[in-house]
Amino acid sequence: MELVPISGHLNHHKIREHRITLLSLPPHASHKLQPSDVGFFGPLKEAYAQEADRWLVNHPDTAIAQTNFARIFRSAYEREANMKIAVRPFETTGIHLIKKNS
């Protein structure tokens, strides 16, 4: 299953052509309607902040440049990003993946 965030500007023909299932959550909804913001991106943001703080301690008097960002983000992403973590906040709010029999 592919989960595709949408912005409101959609090419419906491409969506049907590629058999993509969309999950549209209302903007500015409560955290219960935006589980990925609370349960995935929130912890990822916190993990990045921790990695950035660690990097800054090890590189005093040096700002984080674009050339360092990917390395720092990768450490946070590898620690926090996996399917179990991504699915859990949806299941907690009652949104469950539908497993299709192929």
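This one's a predicted model, so the numbers in the text were calculated from it and none came from an experiment.

**Brief notes about the environment of Arg71**
- You can see Arg71 is positioned in helix H3 (residues 66–80).
- Sequence separation between Arg71 and Trp55 is 16 residues; the distance between their C-alpha atoms is 10.0 Å.

**A look at the pattern of salt bridges**
- Going through the model one piece at a time under the given rule, you end up with four salt bridges.
- A salt bridge links Glu51 to Arg54; the nearest nitrogen and oxygen atoms lie 3.1 Å apart. Residue Glu51 and its partner Arg54 are both found in helix H2 (residues 35–58); the two are separated by three residues, about one turn of the helix.
- Under the relative-accessibility criterion, Arg54 is labelled partly exposed at 46%.
- Of the charged contacts, one joins Glu78 and Arg74 as a salt bridge, the two residues approaching to 2.7 Å between their closest N and O atoms. With a gap of four residues between them, Glu78 and Arg74 both fall in helix H3, about one helical turn apart. You'll find Glu78 and Arg74 in the same group, each marked exposed.
- Several salt bridges converge on common partners, so that one network encompasses Glu51, Arg54, Arg79 and Glu80.

**Thoughts on the nonpolar core**
- One finds Phe40, Leu44, Ala47, Ala76 and Ile85 forming the largest nonpolar core, which totals five residues.
- Here this core gets three residues from one element, more than from any other, and that element is H2.
- Setting aside chain neighbours within four positions, we find Ala47 in contact with Ala76, Arg79 and Glu80.

**Quick notes on a nonpolar patch on the surface**
- Together, Leu56, Ile64 and Phe69 make up an exposed nonpolar region whose accessible area comes to about 230 Å².
- In this fold, Ile64 is placed in the loop between H2 and H3.

**Brief notes about the packing of H2 against helix H4 (residues 83–92)**
- Taken N-terminus to C-terminus, the directions of H2 and H4 make an angle of 150 degrees; their axes are 8 Å apart at the nearest point. In terms of orientation, H2 lies roughly antiparallel with respect to H4. Regarding H2 and H4, the two cross each other, and that crossing is right-handed. Residues Pro35, Ser36, Gly39 and Phe40 of H2 lie in contact with H4, whose contacting residues are Ile85, Ala86, Pro89 and Phe90.

**A word on H3**
- With 15 residues, H3 should cover 21 Å at 1.5 Å per step; its first-to-last C-alpha distance of 21 Å lies within 8% of that length.
- Restricting attention to buried positions, one finds in H3 the residues Asn68, Ile72, Ala76 and Glu80.
- Among the structural elements, H2 and H4 are those in contact with the buried residues of H3.

Scoring rules and cut-offs
- Residues numbered from 1 in each chain as written.
- Predicted model: local features only at pLDDT ≥ 70, side-chain atom pairs only at ≥ 80, totals over all residues.
- Heavy atoms only, no water.
- Helix = DSSP H or I, 4+ residues; strand = E, 2+ residues; numbered from the N terminus.
- Salt bridge = Lys/Arg side-chain N within 4 Å of Asp/Glu carboxyl O.
- Buried < 20%, exposed > 50% of the residue type's maximum accessible area, 1.4 Å probe, protein only.
- Core = buried A, V, L, I, M, F, W, Y, C linked by side-chain atoms within 4.5 Å.
- Contact = heavy atoms within 4.5 Å.
- Patch = residues over 30% accessible without salt bridge, like charges linked within 9 Å, V, L, I, M, F, W, Y side chains within 5 Å.
- Areas by Shrake-Rupley, 256 points an atom, 1.4 Å probe, with all protein chains shown as cover.
- Axes fitted to C-alpha atoms, helices over the stretch in contact; angles between N-to-C directions.
- Parallel < 35°, antiparallel > 145°, perpendicular 65-115°, else oblique.
- Left-handed = near helix turned anticlockwise from the far one by under 90°.
- Expected span 1.5 Å × (residues − 1).

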